[in-house]
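# A look at the structure
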Amino acid sequence: LSDYVASFVGFSAEDERQFRGGQKAFGEARAALKKKDAKAALAAAQDCLAKAQPLGDWWGAQMGHSGSARAQELAKNWRAALESWSIARDLAHDLQLQGDELQALAGMARCCQELQLLERERTALTMAVALAGRIGATKDAAAWSKRLAELPAR
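On a plain count of helices and strands, the protein chain comes out with eight helices and zero strands. For the protein chain, the α and β elements follow one another from N to C terminus as α-α-α-α-α-α-α-α. What you see for the protein chain is a C-alpha radius of gyration of 16 Å, in line with the 15 Å of a compact globule of 154 residues. If one aligns the C-alpha atoms of the protein chain with their principal axes, the spans along those axes are about 55 × 35 × 25 Å.

What follows deals with the packing of helix α7 (residues 118-135) against helix α8 (residues 138-150). With their axes 9 Å apart at the nearest point, α7 and α8 run at an angle of 155° to one another. When the interaxial angle is binned, α7 and α8 end up roughly antiparallel. Relative to α8, α7 is oriented so that their crossing is left-handed. Packed against α7, whose contacting residues are E121, R122, L125, T126, A128, V129 and A132, the element α8 presents A141, W144, S145, R147 and L148 at the interface. Counted by class, the contact of α7 with α8 contains seven nonpolar, two polar and three charged residues.

Right, let's talk about the packing of aromatic side chains for a bit. What the rule picks out here adds up to one aromatic pair. Considering the side-chain rings of F11 and F19, the 5.9 Å spacing of their centres and the 55° angle between planes classify their relative orientation as tilted.

Let us look at the packing of helix α4 (residues 58-74) against helix α5 (residues 78-95). A pair of packed helices can be characterised by two numbers: the angle between their axes and the separation between those axes. Contact geometry of α4 with α5 gives a least axis separation of 8 Å together with a crossing angle of 155°. Here α4 is positioned roughly antiparallel relative to α5, judged by the angle of their axes. For the element pair α4 and α5, the recorded crossing hand is left-handed. Residue-level inspection shows W58, W59, A61, Q62, H65, S66, S68, A69, R70, Q72 and E73 of α4 in contact with α5, the latter providing W78, A80, A81, S84, W85, I87, A88, L91, A92 and L95.

Here the focus is the nonpolar core. Ranked by size, the top nonpolar core spans 23 residues in total, and within it W85, L102, M108, C111, A132 and W144 carry the most contacts. Secondary structure elements with two or more residues in this core: α5, α6 (98-115), α7 and α8. Among the elements that make up this core, the one with the highest residue count is α6 (eight residues). Counting residues in each nonpolar core, the second largest holds five residues, with A32, L33, A41 and L42 among its members.

Moving on: the state of the cysteines. Summed over the entire model, instances satisfying the criterion amount to zero disulfides. With no disulfide of its own, C48 lies closest to C111 among cysteine sulfurs, the gap being 19 Å. Its sulfur unpaired, C111 is 7.0 Å from the next cysteine sulfur, which belongs to C112.

Moving on, we get to the environment of D94. Tracing the sequence through the fold places D94 in helix α5. Sequence spacing of D94 and W59 is 35 residues, and the spatial spacing of their C-alpha atoms is 9.8 Å.

The rules behind these values
Residues numbered from 1 in each chain as written. Predicted model: local features only at pLDDT ≥ 70, side-chain atom pairs only at ≥ 80, totals over all residues. Heavy atoms only, no water. Helix = DSSP H or I, 4+ residues; strand = E, 2+ residues; numbered from the N terminus. Rg over C-alpha atoms; globule rule 2.2 N^0.38 Å. Axes fitted to C-alpha atoms, helices over the stretch in contact; angles between N-to-C directions. Parallel < 35°, antiparallel > 145°, perpendicular 65-115°, else oblique. Left-handed = near helix turned anticlockwise from the far one by under 90°. Contact = heavy atoms within 4.5 Å. Nonpolar A, V, L, I, M, F, W, Y, C, P; charged D, E, K, R; others polar. Phe/Tyr/Trp six-rings, centres within 6.5 Å; stacked < 30°, edge-to-face > 60°. Core = buried A, V, L, I, M, F, W, Y, C linked by side-chain atoms within 4.5 Å. Buried < 20%, exposed > 50% of the residue type's maximum accessible area, 1.4 Å probe, protein only. Disulfide = S-S within 2.5 Å.

Structural data, given as structure tokens:
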């Protein structure tokens, strides 16, 4: 978190433009996702990442990875989506963005289910249920608990 905050202190005018460009790219990714355009969403999410990461804009990077994950899910590229969700989750956790972390854990679980990675799905769901309980997302916790109960025993 301190690295994220410190990054903004030294922004030049060009860095500020790049930062705003990353935000714009994320908005474009969201718009493309609403239109179910996986290719455009992925390109915009990658543009967001390319602009955010060199600046130390870890929240922007987290948004770029989550946008990429959603686009990859839409395209049914489950392994790529799982990778992006995993990075988004780590960044959200480090930045204490609990809602974003919860979304990433749910995305990880969906991808693991598609890929038949049952132990990893179990772990993602267990973490999601615990986090949902801490932040009061009881409806989500109940749905994920149900899925956990459906998983084959170890």
